[in-house]
Amino acid sequence: MIKKQPLTRHRGIYLLPNLFTTGAMFAGFYAITSAINGRFETAAIAMFIAMVLDGLDGRVARLTNTQSEFGVQYDSLSDMVSFGVAPAIVMYLWTLSSMGQAGLFAAFVHMAGGALRLARFNTQVEVADKRYFQGLPSPAAAAILAGGLWFCVENGYDVENIKYLVLLTTITTGLLMVSNFRYSSFKEIDFKNKVPFIVVIIAMLVISFILAQPQRMLFLLSVGYAISGPIVTLVLRKRKLQSRKS
């Protein structure tokens, strides 16, 4: 009697989505090296490139049906580098280093906030409401710092005049990431469905404004998203109280 040989499973990883994740992590690393060499505008642009690549890796994985637990964990590590470590170091080298221990503290708050935000997200991913993020997403927090830096460099602002604002902003982004504010994930939007023609026009106008003034528009959009968290949370709490009363 011939015995059947057990099937061996070949372990491996999916190449395509992890290439995007690797690209995002490299962009974060490049932002750090650019800041070390004093090229802060390049560092800000590199962080925005990391955000684009980070947004693509998950969508590519879903479209090609190549999701994996390895990809999830690798994406989190990449996010920590690109949106936790990179913004903290870039902001420290740009402005915060001149403020002594206060600047060091602010940079660490952002980095630690990013780590805690990602750890909480990974542990709650199965039970969390898919429509909302708990706490400001780390890419959005990094966008505020990168956008602000890019805007200030582009307009030639003296860092000595804005260093306390930079300090406060860096601490705030770290705290917002670990807050309980709810931020829309936009996952309920189905891009496959038909939309009114006016929506297409608005989308084209937004893209045009971003391309015309990227440093200003990206900063304003990221700040607006950060402000939306407390507003959404208050609205949801008000609805919950009204439903209890009724």
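Residues numbered from 1 in each chain as written. Predicted model: local features only at pLDDT ≥ 70, side-chain atom pairs only at ≥ 80, totals over all residues. Heavy atoms only, no water.

Caption draft 1: Here's a closer look at the environment of V206. Note on placement: V206 falls in helix α7 (residues 197-212). For V206 and M217, which are 11 residues apart along the polypeptide, the C-alpha to C-alpha distance reads 8.9 Å. (Helix = DSSP H or I, 4+ residues; strand = E, 2+ residues; numbered from the N terminus.)

Caption draft 2: Expanded view of the packing of aromatic side chains. Applying the stated rule across the entire model yields eight aromatic pairs. Each ring, one from F48 and one from W150, has its centre 6.0 Å from the other, and the planes form 45°; the classification is tilted. Placement of F48 in helix α2 (residues 40-63) and of W150 in helix α5 (residues 138-154) is noted, with a sequence separation of 102 residues between them. Accessibility classification places F48 together with W150 in one group, the buried group. Ring-pair connections join several aromatic residues into one group, and the members of that group are F26, F29 and Y30. (Phe/Tyr/Trp six-rings, centres within 6.5 Å; stacked < 30°, edge-to-face > 60°. Buried < 20%, exposed > 50% of the residue type's maximum accessible area, 1.4 Å probe, protein only.)

Caption draft 3: Structural context of the pattern of salt bridges. For the structure shown, the criterion picks out one salt bridge. Its salt-bridge partner being E160, residue K163 comes within 3.2 Å of it at the nearest N-O pair. With K163 and E160 both in helix α6 (residues 159-177) and three residues apart, this pair spans about one turn of that helix. Looking at E160, the relative accessible area reads 42%, which means it is partly exposed. (Salt bridge = Lys/Arg side-chain N within 4 Å of Asp/Glu carboxyl O.)

Caption draft 4: Spotlight on a positive patch on the surface. A cluster of basic side chains, namely R182, R237, K240 and R244, defines a positive patch on the protein surface. Ranked by residues supplied to the positive patch, first place goes to helix α8 (residues 214-245) with three residues. Checked against the element boundaries, K240 lands in helix α8. (Patch = residues over 30% accessible without salt bridge, like charges linked within 9 Å, V, L, I, M, F, W, Y side chains within 5 Å. Areas by Shrake-Rupley, 256 points an atom, 1.4 Å probe, with all protein chains shown as cover. Lys, Arg positive; Asp, Glu negative; His and termini not counted. Charge placed at Lys NZ, Arg CZ, Asp CG, Glu CD.)

Caption draft 5: Main features of the confidence of the model for the protein. Looking at the protein as a whole, the pLDDT averages 86, with 89% of positions reaching at least 70. Mean pLDDT in the protein bottoms out at α7, which sits at 79, and peaks at α6, which reaches 95. This model gives residues 5-10 a pLDDT under 50, and the stretch forms zero contacts once residues within four places in sequence are excluded. (pLDDT = per-residue confidence, 0-100. Contact = heavy atoms within 4.5 Å.)

Caption draft 6: Structural context of the nonpolar core. Ranked by internal contacts, the top residues of the largest apolar core, which has 32 residues, are M47, M51, V90, M91, W94, L96 and L149. For this core, the secondary structure elements donating two or more residues are α1 (15-36), α2, α3 (69-94), α4 (101-124), α5 and α6. Residue contributions to this core peak at eight residues, all from α2. With near-sequence residues (within four places) excluded, L149 lies in contact with F40, E41, A44, V90, M91 and W94. Core analysis: the second largest hydrophobic core is formed by 10 residues, A140, M177, Y183 and Y225 among them. (Core = buried A, V, L, I, M, F, W, Y, C linked by side-chain atoms within 4.5 Å.)

Caption draft 7: Local environment of α5. End to end, α5 covers 24 Å across 17 residues, agreeing with the expected 24 Å (1.5 Å per residue, within 8%). The buried fraction of α5 amounts to 14 of the 17 residues, a majority that puts the element mostly inside the structure. Positive phi appears at G156, one or two residues downstream of α5, with a value of about 70°. (Expected span 1.5 Å × (residues − 1).)

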